[in-house]
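These are the residues of each chain, in order.
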Amino acid sequence: MFERLIDDCHAVVVIVHGAFEHSGRYEWLINRLNQHNISVVFGDLPGQGVSKGEKGYIDRFEQYFDTVLKWVERGKQFNRPLFLFGHSMGGLITIRMMQIYKFDVQGVILSSPALGIANGLSKPLFYLSKILNKTFPTMQFPTGIESQMSTRNKDFHVRDEADPLFLRKVSVRWYHEFEKAIIDAHQDINEYPDIPTLLMQSGKDRLILPQDVKKWFDSLPIKNKTFKLWEELYHELLNEPEREDVFKDVIEFIGKQIKK
C-alpha cells in the first residue's frame, strides 16, 4: 500500500488500478488530485506490479477484495470525505465491493469499468480453458493487449513497452475468476448501495464493451448517478491526450459531493 498525503486535505481518494497494469501508471492522476488538496491511497493488486505472489495469477477474485479493504480502511482513518476510484478491472472490483460491503463513502468514480469483455475467448478455447481451470489453473497465456489498444497517448506506448511490471500473460484461473465477477456484477445490480456514482466510459473502447457498461448503468437503482460517454477516447480515459478534460469531470464530481 502506498500513500500520497496532503496536510489538512479536503478529501481522500482510494485508487484501484486495472488488469495487466500497476499503480505506477497513475502518477499523473495522483499528482493532479494532490494539487487539488486531495490525499490518495493506492497500491498494486495481487499478482500485479510489485505485489507478492505469482504474477498474472489469482486463486479467487476475492483476493482483490482482501487487498483493497486495507486501502479503504486506511482512507477512513483521515476522517475526510472518502471516494473510491476504479479503472477497468479496478472498476469491476469497486462495483463488487460496493455490492458486498456497501461502503459508506462520499462517492464512487468508475472509469471504463470492466462489465463486458470485448475480446473474449473463442468457444473452443473457452471450453478448453474450463478444463484447464480445474486441472492446470496456473497455466498462462498471452493477453494480446498492447498499449496502443488502450490509449492514443504515444508516451504511454513507449513507456509500457519497456515496463517490466506491465503484464503480458495471465493464468487460466484469472480469466475465469474475472469473467465470473462480471456476471456477478450484473446479477447483483440491486445490491449496489445508494451512493453517488460517476461512470465515465470510453466510446472507442477496444477492451470493454460500452453497451454492456451502459446496460449495467441504466439498471443501477440509485438516485444520484451520472453517465459520461467520451465518444472519441480510448479505454484509458485518464491517459488520453484529453485527460485534463476528463479529470475536470472527476474533480467537479468530488467537489459537488463534498459541498453536499
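In this text, all values refer to a predicted model and were calculated from it rather than measured experimentally.

Student: Quick question: what am I supposed to make of the overall build of the protein here?
Tutor: For the protein, the helix and strand inventory stands at 9 helices and 9 strands. Expected size for 260 residues packed as a compact globule is a radius of gyration near 18 Å; at 17 Å, the protein falls within 12% of this value. Restricting the contact set of the protein to residue pairs at least 6 apart, pairs at least 24 apart contribute 81%. Approximately 11900 Å² of the protein is accessible, and the part contributed by carbon and sulfur atoms is 52%. Within the protein, the 35 negative side-chain charges are centred at a point lying 2 Å from the centre of the 34 positive side-chain charges.

Student: I keep staring at the sheet that holds strand 4 (residues 82-87) and nothing clicks. Help me out?
Tutor: Strand pairing in a sheet is mediated by backbone hydrogen bonds. Such pairs are either parallel or antiparallel. The 7 strands lie next to each other as 1-3-2-4-5-8-9, forming an open sheet whose pairing is mixed. Two strands lie at the open edges of the sheet, namely strand 1 (2-4) and strand 9 (225-230), each paired on one side alone. Taking each pair of neighbouring strands and ignoring which way they run, the sheet shows an average axis angle of 15°. For strand 5 (residues 107-111) and strand 8 (residues 197-202), the ladder comprises 4 bridges, and the chain directions are parallel. Each bridged residue has a counterpart across the sheet, and for Leu 110 the counterpart in strand 8 is Leu 199. In the packing of helix 2 (residues 62-76) onto the sheet, the strands contacted are strand 1, strand 2 (11-16), strand 3 (38-42) and strand 4, and the crossing angle to strand 2 comes to about 170°. Packed onto the sheet, helix 9 (residues 243-259) meets strand 2, strand 3, strand 4, strand 5, strand 8 and strand 9 and runs at close to 170° relative to strand 8.

Student: Would you mind showing me how to read the packing of aromatic side chains here?
Tutor: What describes a pair of aromatic rings is the distance from one ring centre to the other and the angle between the planes of the rings. All told, the structure shown has 12 aromatic pairs when counted by the stated rule. Pairing Phe 20 with Trp 174 gives two aromatic rings, centres 5.5 Å apart and planes at 50°, and the pair type is tilted. Taken together, the residues span a long stretch of sequence, with Phe 20 in the loop between strand 2 and helix 1 (27-35) and Trp 174 in helix 7 (residues 172-187) at a distance of 154 residues. Taken as a pair, Phe 20 and Trp 174 share a single burial class, namely buried. Taken together, a centroid distance of 6.3 Å and an interplanar angle of 70° make the contact between Phe 141 and Tyr 175 edge-to-face.

Student: What should I look at first to understand helix 1 in this one?
Tutor: Count 3.6 residues to each turn of an α-helix, and residues three or four apart come out pointing the same way. Among the residues of helix 1, those classed as buried are Trp 28, Leu 29, Ile 30, Arg 32, Leu 33 and Asn 34. Elements that come into contact with the buried residues of helix 1 comprise strand 1, strand 2, strand 3, strand 4 and helix 9. Count one or two residues on from helix 1 and you reach Asn 37, which has phi positive near 65°.

Student: Teacher, can you tell me more about unusual backbone geometry here?
Tutor: Here the phi dihedral of Ser 88 falls at roughly 55°; this positive angle occurs in a residue that is not glycine. Turning to its location among the elements, Ser 88 is positioned in the loop between strand 4 and helix 3 (89-101). Positive phi is not limited to glycine here, since Lys 102 has a value of about 50°. Mapped onto the elements of the fold, Lys 102 is located in the loop between helix 3 and strand 5. With a relative accessible area of 38%, Lys 102 lands in the partly exposed category.

Student: Sorry if this is basic, but what is going on with the packing of helix 1 against helix 9 here?
Tutor: A packed helix pair is summarised by two numbers, namely the angle formed by the two axes and the spacing between the axes. Running from N to C, helix 1 and helix 9 point in directions that differ by 45°, and their axes come no closer than 11 Å. The angle between helix 1 and helix 9 falls in the class oblique. The element helix 1 and its partner helix 9 pack so that their crossing is right-handed. From helix 1, Trp 28, Leu 29, Arg 32 and Leu 33 reach across to helix 9, where they touch Arg 243, Glu 244, Phe 247, Ile 251 and Ile 254.

Student: I'm lost on the pattern of salt bridges in this one. Help?
Tutor: A side chain of one charge can pair with a side chain of the opposite charge when the charged atoms of the two come close. Inspection of the entire model under this criterion finds 18 salt bridges. Measuring nitrogen to oxygen at the nearest pair gives 2.9 Å for the salt bridge that ties Arg 173 to Asp 59. Here the residue Arg 173 occupies a position in helix 7, and Asp 59 occupies one in the loop between strand 3 and helix 2, the gap between them amounting to 114 residues. The buried category is assigned to Arg 173, whose relative accessible area is 15%. In this structure Asp 59 comes out as partly exposed when scored by relative accessible area, which is 40%. In this structure, Lys 228 engages Asp 249 in a salt bridge whose closest nitrogen and oxygen atoms are separated by 2.8 Å. Here the residue Lys 228 occupies a position in strand 9, and Asp 249 occupies one in helix 9, the gap between them amounting to 21 residues. A cluster of three or more residues bridged by salt bridges with shared partners is formed by Glu 21, Arg 25, Asp 160 and Glu 236.

Reading the values: the criteria
Residues numbered from 1 in each chain as written. Predicted model: local features only at pLDDT ≥ 70, side-chain atom pairs only at ≥ 80, totals over all residues. Heavy atoms only, no water. Helix = DSSP H or I, 4+ residues; strand = E, 2+ residues; numbered from the N terminus. Rg over C-alpha atoms; globule rule 2.2 N^0.38 Å. Contact = heavy atoms within 4.5 Å. Areas by Shrake-Rupley, 256 points an atom, 1.4 Å probe, with all protein chains shown as cover. Lys, Arg positive; Asp, Glu negative; His and termini not counted. Charge placed at Lys NZ, Arg CZ, Asp CG, Glu CD. Pairing = 2+ DSSP bridges. Axes fitted to C-alpha atoms, helices over the stretch in contact; angles between N-to-C directions. Phe/Tyr/Trp six-rings, centres within 6.5 Å; stacked < 30°, edge-to-face > 60°. Buried < 20%, exposed > 50% of the residue type's maximum accessible area, 1.4 Å probe, protein only. Parallel < 35°, antiparallel > 145°, perpendicular 65-115°, else oblique. Left-handed = near helix turned anticlockwise from the far one by under 90°. Salt bridge = Lys/Arg side-chain N within 4 Å of Asp/Glu carboxyl O.

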